[in-house]
Amino acid sequence: ITPLLSDIEKLAFLGADIIAFDSTNRNRPYSVKKMISKIHSYNKIAMADCSNIRDATIAIDNGANIISTTLSGYTKGKNPPKNPDFKLLKSLIQKFNVPIIAEGRINTPDYFKKAIAMGAHAVVVGTALNNVELITKSFLNEI
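Parameters at a glance
Residues numbered from 1 in each chain as written. Predicted model: local features only at pLDDT ≥ 70, side-chain atom pairs only at ≥ 80, totals over all residues. Heavy atoms only, no water. Salt bridge = Lys/Arg side-chain N within 4 Å of Asp/Glu carboxyl O. 1 Å grid on protein atoms, 1.4 Å probe; cavity = no way out; pocket = protein on both sides within 12 Å on 5 of 7 lines; lining within 4 Å. Points joined across faces, edges and corners; volume = space filled by probe spheres on them. Nonpolar A, V, L, I, M, F, W, Y, C, P; charged D, E, K, R; others polar. Buried < 20%, exposed > 50% of the residue type's maximum accessible area, 1.4 Å probe, protein only. Helix = DSSP H or I, 4+ residues; strand = E, 2+ residues; numbered from the N terminus. Arc of directions from axis to C-beta.

Engineer: Let's hear about the pattern of salt bridges: which residues, and what values?
Structural biologist: In the structure shown here, the tally under the stated rule is two salt bridges. With a shortest N-O distance of 2.7 Å, R26 and D22 are connected by a salt bridge.

Engineer: A description of empty space enclosed by the protein should follow, citing residues and the corresponding values.
Structural biologist: Summed over the entire model, instances satisfying the criterion amount to one cavity of 30 Å³ or more. Of the voids in this model, the largest cavity is the one considered here, and its volume is about 50 Å³. In terms of lining residues, the largest cavity is bounded by T69, S72, P84, D85, F86, L89, A102, E103, G104, R105 and I106. For the lining of the largest cavity, the residue count by class is five nonpolar, three polar and three charged.

Engineer: Could you give an account of helix α4 (residues 86-95), naming the residues involved and the relevant values?
Structural biologist: By the burial criterion, the buried members of α4 are F86, L88, L89 and L92. The buried side chains of α4 occupy one side of the element, clustering within an arc of 155° when seen end-on. With respect to the buried face of α4, the exposed residues turned more than 90 degrees away are K87, Q94 and K95.

Encoded structure:
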């Protein structure tokens, strides 16, 4: 999640088409508006990583092109929930007319299928692919 304007510049020059940024109300070096403006100055797509509907609304109001559920469950200083935030996903899909990316704790094929069935434009399954311990545990839990 891109925190600095200089990171946006580097990603743009390296060829990224989509640049994600933190759209929560947490302290960060630059405002949502400034991040989106910088991303757009390179003719790139701005993807707002959100934790709730308020984050998404602010991002959309400032020109974000894509919304994701990436930061749902990660901003209140406690352990994130076990399951994806399908409630937030549903709200975003219903409220906004931009691509909505389902991301965050989507680590099973069933979660993936549910997100797609709900209308997610795409689904990020990072943990399901790169967390060997979680994958192994999911198999052991089925025994």
